[in-house]
Amino acid sequence: MVAALRCDPIHFGPIHFDQGGFMKARRQSTLWVGALALSLAFAPARAQSDYPTDYPRRPLRLIVSFSAGSAADTVGRAIGDELAKRLGVPVVIENREGAGGNLGNAAVAKAVADGYTLLLGTSLMTMSVHTTAPPPYDVVKDFVPIARVGVIPLVAVAAANAPFKTWAELIVYSRANPGKINYATSGKGSSSHVYTEMLKREFGFDAVDVPYKNVGMAVTDTATGINHFFLANLPPTRALIQAGQLRALAVGARQRLAAFPDVPTFAELTGRPDLEMALWYGFFAPATTPPAIVARLNAELLKAADTPSVRARLDINGGVLSLGSAAELATLVRADNLRFRNLMRELGLVPAAN
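Source: prediction; values computed, not measured.

Reading the values: the criteria
Residues numbered from 1 in each chain as written. Predicted model: local features only at pLDDT ≥ 70, side-chain atom pairs only at ≥ 80, totals over all residues. Heavy atoms only, no water. Pairing = 2+ DSSP bridges. Helix = DSSP H or I, 4+ residues; strand = E, 2+ residues; numbered from the N terminus. Right-handed = clockwise from strand over helix to strand, strands pointing away. Core = buried A, V, L, I, M, F, W, Y, C linked by side-chain atoms within 4.5 Å. Buried < 20%, exposed > 50% of the residue type's maximum accessible area, 1.4 Å probe, protein only. Contact = heavy atoms within 4.5 Å. Axes fitted to C-alpha atoms, helices over the stretch in contact; angles between N-to-C directions. Parallel < 35°, antiparallel > 145°, perpendicular 65-115°, else oblique. Left-handed = near helix turned anticlockwise from the far one by under 90°. pLDDT = per-residue confidence, 0-100. 1 Å grid on protein atoms, 1.4 Å probe; cavity = no way out; pocket = protein on both sides within 12 Å on 5 of 7 lines; lining within 4 Å. Points joined across faces, edges and corners; volume = space filled by probe spheres on them. Nonpolar A, V, L, I, M, F, W, Y, C, P; charged D, E, K, R; others polar. Phe/Tyr/Trp six-rings, centres within 6.5 Å; stacked < 30°, edge-to-face > 60°. Lys NZ or Arg CZ within 6 Å of the ring centre and 35° of its normal.

Here's the deal with the pairing of strand β2 (residues 91–95)
When strand β1 (residues 60–64) meets β2, the two strands line up parallel, connected through 5 bridges. Within the sheet, the bridge partner assigned to L60 lies in β2 and is V91. With helix α2 (residues 71–87) bridging β1 and its parallel neighbour β2, the resulting β-α-β unit is right-handed.

So, the nonpolar core
Core analysis: the biggest nonpolar cluster contains 89 residues, and W167 and F266 have the highest contact counts within it. When residues no more than four places from it in sequence are discounted, the contact partners of W167 are A156, L199, F203, F205, F229, L249, F266 and L269.

Considerations on the packing of helix α6 (residues 215–223) against helix α7 (residues 235–242)
Relative orientation of the contacting elements α6 and α7 amounts to 25°, with a least axis distance of 10 Å. Of the possible angle classes, the one that applies to α6 and α7 is roughly parallel. In terms of crossing hand, the pair formed by α6 and α7 is right-handed. Counted together, V215, V219 and A223 of α6 and P236, T237 and L240 of α7 form the full contact between these two elements.

As for the pairing of strand β8 (residues 246–251)
Of all 6 residues that make up β8, 5 are buried, and the element is covered over most of its length. As paired strands, strand β4 (residues 143–159) and β8 are joined by 5 bridges and run antiparallel to one another. Within β8, the residue paired with A158 across the bridge is R247.

Notes on the confidence of the model for the chain
Counting all residues, the mean pLDDT for the chain is 84, and 84% of those residues have values of 70 or more. For the stretch residues 1–49, pLDDT sits under 50, and the model shows 13 contacts to residues farther than four places along the chain or on other chains.

Points about the layout of surface pockets
Picture a little ball the size of a water molecule; that probe, rolled over the atoms, points out where space is still empty. Looking at the second largest pocket, its volume works out to about 490 Å³. Lining the second largest pocket are 22 residues; nearest its centre among them are Y195, R254, E276, D336 and R339. Contributions of two or more residues to the lining of the second largest pocket are made by β4, α5 (191–203), β9 (278–286) and α11 (326–346). Looking at the lining of the second largest pocket residue by residue, the class counts come to 11 nonpolar, 2 polar and 9 charged.

Let's talk about the environment of A248
Along the polypeptide, A248 turns up in strand β8. Of the residues examined, A248 reaches a relative accessible area of 14% and is grouped as buried. Spatially, the C-alpha atom of A248 lies 9.7 Å from that of F229, the residues being 19 residues apart in sequence. Apart from the residues within four sequence positions on either side, A248 is in contact with V155, A156, V157, I241 and V263.

Brief notes about the environment of A304
With respect to the helices and strands, the residue A304 is situated in helix α9 (residues 291–305). Using a relative accessible area of 1% as the deciding quantity, one classes A304 as buried. Sequence separation of A304 and L87 is 217 residues, and the distance between their C-alpha atoms is 9.9 Å. Apart from the residues lying within four places of it in its own chain, the contact partners of A304 are I79, E82, L83, R86 and V310.

Looking at unusual backbone geometry
For the peptide bond that leads from Y55 to P56, omega is -5°, which places it in the cis range. As for its placement among the helices and strands, P56 is situated in the loop between α1 (21–49) and β1.

What to know about the packing of aromatic side chains
Per the stated rule, a full pass over the model turns up 12 aromatic pairs. Measuring from centroid to centroid gives 5.8 Å for W167 and F205, while their planes differ by 85°, and the two rings are edge-to-face. Of this pair, W167 sits in helix α4 (residues 167–176) while F205 is found in the loop between α5 and β6 (208–211), placing the two residues 38 residues apart along the sequence. We note that W167, like F205, is buried. Taking 6.4 Å as the distance between ring centres and 40° as the angle between the ring planes, the aromatic pair formed by W280 and F284 counts as tilted. Across the pair, F284 and W280 agree in class, each one buried. Of the aromatic side chains, those joined through ring pairs into one cluster are W167, Y183, F203, F205, F229 and F266. Just above the ring of Y116 sits the side chain of R58; from NZ or CZ to the centre is 3.7 Å.

What follows is the structure, encoded as structure tokens:
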């Protein structure tokens with residue numbers, strides 16, 4: 001690696017050919033030619049250094065803003081394993097859950113933009129950021145999108161022994177027991193919080209949110225009946241649904257899931273075919289990460305995601321592979337940021353300062 005060279009301006013005044021003047025002029029000319037040659041020598045080196053031919057030289061850190069076992073963690077580990085094979089260096093998963101994903105997201109926004117700290121981001125980046133004032137980061141300005149990789153729907157679950165067996169029965173039960181229904185969330189501004197508040201308005205019922213820092217605890221407390229229901233990511237709930245400890249009431253996909261063909265979609269229940277409650281997943285880096293590194297990561301991530309092992313992991317969890325370029329992900333982030341900011345204002349979830 002060539003160290004940066006600092007060249008002060010060279011000023012060329014009149015040349016006087018008095019005694020020893022010829023030698024003085026020749027020395028100045030030699031200095032000028034030498035400086036020009038040196039600057040030309042450094043020009044290609046600088047241009048070449050713009051492309052990271054030696055990247056990566058050490059392990060990458062992939063921050064997942066949710067706990068181990070969450071949907072984001074499942075996606076991150078599946079693709080991280082394949083990315084490590086392609087790059088030839090380890091991809092170390094770091095779970096930083098809390099504040100609806102804001103803690104992990106903010107950590108990446110403030111990280112050194114050298115291509116060695118990445119974020120597995122989700123739709124939550126465009127939701128939870130609006131729940132605090134001032135926001136911990138600017139989802140549009142503080143990150144550079146790299147690639148979109150997948151989509152996983154949400155599922156409303158309740159304990160197997162809950163006093164209702166369907167979503168419609170839950171609505172009837174809540175109206176008959178005003179002020180006594182609660183639901184779990186994975187934090188203020190999380191998908192479980194925002195979408196449930198939207199469903200409360202859509203179906204006209206009431207329930208009090210119970211925020212959890214850890215998704216696993218929210219799932220467990222729902223399975224034991226402490227919470228009446230939970231609009232959760234599918235991965236941490238699937239095994240308990242199949243084991244009969246949780247009952248799936250409805251799913252946020254536009255079509256019924258092959259794994260749960262008897263469970264209706266919210267699109268069916270509302271009569272709105274376009275209604276979808278799902279999370280997209282994509283990779284991001286700090287905003288000033290060099291474009292050449294972003295391009296390299298985009299190419300490798302899309303290849304890493306489009307593998308049988310990743311497809312299988314997504315399919316098991318009810319997700320689908322949904323590959324997109326950096327530009328497409330950037331467009332999606334801008335659109336969702338505006339959409340959720342407006343929705344959360346309508347629902348009264350945004351602090352006044354936002």
